[in-house]
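Descriptive analysis of the structure
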Amino acid sequence: MARRPRPEPVQQVKQRRDAALNALAGGVPYIQTLGLQFDRRGDELTGILPFKDDLIGNPILPAIHGGVTAAFLEMTAIITLSYQWLWEDVESGAILVEELERGELPRLPKTIDFTVDYLRSGLPRDAYARARVTRSGRRYSSVMVEAWQDNRDRPFAMATAHFLMPRRDG
Amino acid sequence: MAADKAKIARQFIASIPHAQMLGMQIEEIDDGYARIIMPYHARLVGDPQTGVIHGGAVSALMDTCGGAAVMSHPAAPGGTATIDLRIDYMRAATPGDTIVAEARCTHITRNVAFVRATAVDDDKDNPVATATGAFSVEGT
């Protein structure tokens, strides 16, 4: 009877996946400007936008700036898409952890268009977003993304976006 | 009257914390038209390898400019909020260039204002992005 190979140590798995996420999101200045973070559970990513005063777009309400919301959705979409796109290569070892930790990555997808619907005003508190890749093609991909605050079932904004994918072999 | 409206809209836009954070400056705002610029800055960069500004920052500029155009429209009684916004990204903005957004309110009803916007860098003939949006029309 053939023995199954021993599973990888969990630490090694986490290090590799966190390195991939870090390489994608860690070096982007605009992500730091907004204070955006990503939470990773397996291959699922959640964008987190901790509230701060300079995200306000309507000081009277107050409400989060629509542009911040759009950027948050777009960023979550592009990082989720890239992460999924890299996943197999990272898992199979085609992309090495050391390369990722040095920040060596294939090019990111480019946004072709982005349509955002504002469903409610963004309250002055933390927001969360998750994206779903609805089509992952060789040249183009489509992504849906939703953001919510207190209640997952009451999103305050959603968007669909199309991306031009980088070439696989560069 | 129109001048007052433009002044109020200008003050409102200038007081937005996020507009200040991104370094937006109002150039013109009047009669359903707005032009807002956003000078290049390292903290707006989306791709550290090329130094190109992130699309999200351009979205924020277009959204602000669209809202400003609505607020300055003679038929708009007061505030506004974005209902939806679609942005087409034609090309990467040249690193170092100031982004100039222009928005015009093309039609307004009691409840909804329709807006078209364009963003360019130093190469004025080739837009970086265009946008169309619907904004709510809210009472004073």
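What counts as what
Residues numbered from 1 in each chain as written. Chains lettered and ligands numbered in written order. Predicted model: local features only at pLDDT ≥ 70, side-chain atom pairs only at ≥ 80, totals over all residues. Heavy atoms only, no water. Helix = DSSP H or I, 4+ residues; strand = E, 2+ residues; numbered from the N terminus. Rg over C-alpha atoms; globule rule 2.2 N^0.38 Å. Areas by Shrake-Rupley, 256 points an atom, 1.4 Å probe, with all protein chains shown as cover. Lys, Arg positive; Asp, Glu negative; His and termini not counted. Charge placed at Lys NZ, Arg CZ, Asp CG, Glu CD. UniProt positions renumbered as here; feature names shortened; annotations may be inferred. Salt bridge = Lys/Arg side-chain N within 4 Å of Asp/Glu carboxyl O. Buried < 20%, exposed > 50% of the residue type's maximum accessible area, 1.4 Å probe, protein only. Contact = heavy atoms within 4.5 Å. Buried area = accessible area lost by both parts, 1.4 Å probe. Polar contact = N/O pair within 3.5 Å; in protein donor to acceptor, adjacent residues only side chain to side chain. Nonpolar A, V, L, I, M, F, W, Y, C, P; charged D, E, K, R; others polar. Pairing = 2+ DSSP bridges. Axes fitted to C-alpha atoms, helices over the stretch in contact; angles between N-to-C directions.

We now examine the overall build of chain B. Along the backbone of chain B there are three helices and eight strands. Going from N to C terminus, chain B has its helices and strands arranged as α-α-β-β-β-β-α-β-β-β-β. Against the compact-globule benchmark of 14 Å for 140 residues, chain B has a radius of gyration of 15 Å, which places it among compact chains. Summarising its shape, the C-alpha atoms of chain B cover approximately 45 × 25 × 25 Å along the three principal directions. Total accessible area on chain B stands at roughly 6,100 Å², and carbon and sulfur atoms take up 52% of it. A gap of 5 Å separates the mean positions of the 11 positive and 16 negative side-chain charges of chain B.

Cross-referencing UniProt, the feature "domain: Acyl-CoA thioesterase-like N-terminal HotDog" (unreviewed entry) maps to residues 63-163 of chain A in the present numbering. Overall, residues 63-163 of chain A shows 32% helix and 37% strand. The separation of its end C-alpha atoms is 29 Å.

Looking now at the pattern of salt bridges. Summed over the entire model, instances satisfying the criterion amount to 13 salt bridges over all chains. Close ionic contact of Arg16 of chain A with Glu8 of chain A constitutes a salt bridge, the shortest N to O distance being 2.7 Å. Arg16 of chain A gets classed as buried once you look at its relative accessible area, which sits at 9%. Taking the relative accessible area as the measure of exposure, Glu8 of chain A reaches 37% and is therefore partly exposed. The salt bridge partner of Asp88 of chain B is Arg86 of chain B, with a shortest N-O separation of 2.8 Å. When its relative accessible area of 23% is taken as the criterion, Asp88 of chain B is described as partly exposed. Salt bridges sharing partners connect three or more residues here, namely Glu8, Arg16, Arg17 and Glu91 of chain A.

Of the residues lining the interface, 33 residues belong to chain A; the matching set on chain B comes to 32 residues. Between chain A and chain B, a total of about 2,500 Å² is buried, with carbon and sulfur atoms accounting for 57% of that surface. By the criterion of area lost to chain B, the three top residues of chain A are Tyr30, His65 and Tyr118 of chain A, representing 22% of everything that side buries. For the pair chain A and chain B, the number of links is one salt bridge. For Arg86 of chain B, the salt bridge goes to Asp113 of chain A, with nearest N and O atoms at 3.2 Å. Inspection of the region where chain A meets chain B yields 11 residue pairs in polar contact (both at pLDDT 80 or more). Counting only elements with at least two residues in the side of chain A that touches chain B, the list comes to α2 (29-34), β3 (56-58), α3 (66-92) and β5 (110-118) of chain A. In terms of residue count, β5 of chain A provides more of the side of chain A that touches chain B than any other element does, eight residues in total. Residue composition of the side of chain A that touches chain B, by class: 16 nonpolar, 10 polar and seven charged. Judged from the five bridges that link them, β5 of chain A and strand β5 (residues 82-89) of chain B form a sheet pairing that is antiparallel. What sits directly across from Asp117 of chain A, in β5 of chain B, is Asp84 of chain B.

Our next topic: the UniProt feature "domain: Thioesterase" (unreviewed entry) in chain B. In the numbering used here, UniProt assigns the feature "domain: Thioesterase" (unreviewed entry) to residues 51-124 of chain B. Annotated as residues 51-124 of chain B, this span is 23% helix and 39% strand, and its ends, taken at the C-alpha atoms, are 20 Å apart.

The next thing to look at is the sheet that holds strand β8 (residues 129-136) of chain B. Strands sit in the order β1(A)-β2(A)-β6(A)-β7(A)-β8(A)-β5(A)-β5(B)-β8(B)-β7(B)-β6(B)-β2(B)-β1(B) across an open sheet of 12 strands; the sheet is antiparallel. The outermost strands of the open sheet, each flanked by one partner alone, are β1 (37-41) of chain A together with β1 (25-30) of chain B. Recorded for the sheet is a direction-independent mean angle of 20 degrees between the axes of neighbouring strands. Here eight bridges tie strand β6 (residues 99-108) of chain B to strand β7 (residues 112-120) of chain B, and the two strands are oriented antiparallel to one another. Paired with Ala101 of chain B across the two strands is Ala119 of chain B, which belongs to β7 of chain B. Along the sheet face, helix α1 (residues 10-25) of chain A touches β1 and β2 (44-49) of chain A and points at about 155 degrees away from the line of β1 of chain A. Running over the sheet, helix α3 (residues 55-71) of chain B touches β5 of chain A together with β1, β2 (33-38), β5, β6, β7 and β8 of chain B and is turned about 150 degrees from β2 of chain B.

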